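Each chain, written out:
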Amino acid sequence: MSRDYRINTFGLTEEQNALVENNIPTRDYEVFDTDAPTDLIAINCEVLIIYAPEMDQDSIGMIFDYYSQVNGCTDETVIWLGEPKPPKELQKFFKCYDSFDAITDKLKYLLLTAHSKSKKAHEYSEKLVNGLKILALIRSHPGISTQKLAELTELPLRSVQRYIAALQATGEWIEYDRSLRGWKLFHGISMLYGEV
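From a predicted model like this one, the values you see are computed outputs, not experimental measurements. (Residues numbered from 1 in each chain as written. Predicted model: local features only at pLDDT ≥ 70, side-chain atom pairs only at ≥ 80, totals over all residues. Heavy atoms only, no water.)

S.K.: For this particular structure, what's the right way to read the overall build of the chain?
M.R.: Of the regular secondary structure elements, the chain holds 7 helices and 9 strands. Here the chain has a C-alpha radius of gyration of 23 Å; the compact-globule value for 196 residues is 16 Å, and the former is much larger. Seen through its C-alpha atoms, the chain measures out along the principal axes to roughly 70 × 35 × 25 Å. Taking all 196 residues of the chain together, the buried fraction comes to 40%. Contacts spanning at least 24 positions in sequence make up 56% of the contacts within the chain whose residues lie at least 6 apart. Accessible surface for the chain amounts to roughly 11,700 Å². Of this, 50% is attributable to carbon and sulfur atoms. Each charge sign in the chain was given a centre, from 21 positive and 29 negative side chains, and these centres are 14 Å apart. (Helix = DSSP H or I, 4+ residues; strand = E, 2+ residues; numbered from the N terminus. Rg over C-alpha atoms; globule rule 2.2 N^0.38 Å. Buried < 20%, exposed > 50% of the residue type's maximum accessible area, 1.4 Å probe, protein only. Contact = heavy atoms within 4.5 Å. Areas by Shrake-Rupley, 256 points an atom, 1.4 Å probe, with all protein chains shown as cover. Lys, Arg positive; Asp, Glu negative; His and termini not counted. Charge placed at Lys NZ, Arg CZ, Asp CG, Glu CD.)

S.K.: Even after reading the chapter, I still don't get the state of the cysteines, so can you show me in this structure?
M.R.: Joining two cysteines, a disulfide is a covalent bond between their sulfur atoms. With the rule as written, the count across this model stands at 0 disulfides. Not part of a disulfide, Cys-45 finds its nearest cysteine sulfur in Cys-96, a span of 16 Å. On the basis of relative accessibility, which here comes to 26%, the residue Cys-96 falls in the partly exposed class. (Disulfide = S-S within 2.5 Å.)

S.K.: Sorry, what's going on with the sheet that holds strand E5 (residues 94–97) here?
M.R.: Sheet strands associate in pairs through backbone hydrogen bonding, adopting either a parallel or an antiparallel arrangement. Sheet architecture is open: 5 strands sit in the order E2-E1-E3-E4-E5, paired in parallel fashion. The open sheet is flanked by strand E2 (29–34) and E5, the only strands paired with a single partner. Strand-to-strand twist in this sheet, taken as the mean axis angle between neighbours without regard to direction, amounts to 15°. Pairing of strand E3 (residues 47–51) with strand E4 (residues 77–81) involves 5 bridges; the strand directions are parallel. Looking at E4, one finds that Tyr-51 is bridged to Leu-81. Against the sheet, helix H3 (residues 57–70) engages E3, E4 and E5, with an angle of about 145° to E4. (Pairing = 2+ DSSP bridges. Axes fitted to C-alpha atoms, helices over the stretch in contact; angles between N-to-C directions.)

S.K.: Help me out: how do you make sense of the packing of helix H5 (residues 107–140) against helix H6 (residues 146–153) in this one?
M.R.: For any two helices packed against each other, the geometry is given by the interaxial angle and the distance between the axes. Put simply, H5 and H6 touch, their axes get as near as 11 Å, and they point 130° apart. Put simply, H5 runs oblique to H6. Relative to H6, the crossing made by H5 is right-handed. Together, Lys-133, Ile-134, Leu-137 and Ile-138 of H5 and Leu-149, Leu-152 and Thr-153 of H6 make up the contact between the two elements. Of the residues assigned to the contact of H5 with H6, the class counts are 5 nonpolar, 1 polar and 1 charged. (Parallel < 35°, antiparallel > 145°, perpendicular 65-115°, else oblique. Left-handed = near helix turned anticlockwise from the far one by under 90°. Nonpolar A, V, L, I, M, F, W, Y, C, P; charged D, E, K, R; others polar.)

S.K.: Hey, could you run me through the layout of surface pockets in this one?
M.R.: Taken as a whole, the largest pocket spans an internal volume of roughly 190 Å³. Around the largest pocket sit Tyr-124, Lys-127, Leu-128, Gly-131, Leu-132, Tyr-163, Ala-166, Leu-167 and Thr-170, which together line it. Only H5 and helix H7 (157–169) provide two or more residues apiece to the lining of the largest pocket. Among the elements that take part in the lining of the largest pocket, H5 stands out by supplying 5 residues, more than any other. Per-class residue counts for the lining of the largest pocket are 6 nonpolar, 2 polar and 1 charged. (1 Å grid on protein atoms, 1.4 Å probe; cavity = no way out; pocket = protein on both sides within 12 Å on 5 of 7 lines; lining within 4 Å. Points joined across faces, edges and corners; volume = space filled by probe spheres on them.)

S.K.: Help me understand the packing of aromatic side chains in this model?
M.R.: Two measures describe an aromatic ring pair: the distance that separates the ring centres and the angle between the ring planes. Evaluated as defined, the whole model comprises 7 aromatic pairs. Through a chain of ring-to-ring contacts, the aromatic side chains of Phe-64, Tyr-66, Tyr-67, Trp-80 and Phe-94 assemble into a single cluster. (Phe/Tyr/Trp six-rings, centres within 6.5 Å; stacked < 30°, edge-to-face > 60°.)

Here it is in structure tokens:
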């Protein structure tokens with residue numbers, strides 16, 4: 001699964017954007033300087049750097065409303081610069097500073113930390129998707145072999161075995177049926193899906 005690494009900025013000067021670009025965590029990143037506040041939530045990124053004094057009140061309200069509604073369930077790191085400060089409930093998700101100068105010395109660290117957070121979230125999501133794929137395949141094809149699961153999911157054989165063990169550890173009654181020579185759900189019932 002390929003990814004686009006992006007840092008979206010709003011209200012920064014050319015010099016500040018150049019400084020952000022000089023501190024990107026990997027060469028795969030691009031810095032996207034936008035003048036449309038809606039782009040900040042519409043365009044996927046790992047980091048948002050917003051200089052609030054350059055944004056109008058309606059746009060600030062839109063940003064606050066969006067992040068209040070998603071309640072911190074996003075992968076991106078939001079660096080909020082200047083006034084007005086976000087509401088208290090958002091300050092636990094946003095990294096708030098008085099100005100760009102306040103982050104200049106720690107910019108590399110902030111971007112690297114955001115990259116690491118995003119990478120972990122992506123890896124977790126990918127593992128969750130793989131586990132669900134395997135469970136769905138076992139559910140819809142009782143008796144499916146480990147080899148066939150590996151082919152269909154494009155995962156190594158050993159990884160498929162680990163996913164099955166993890167699903168079993170979470171309470172899914174996946175069992176190997178010797179007569180079918182493959183995996184099936186015990187009595188066709190999945191905790192996640194219910195009865196087959």
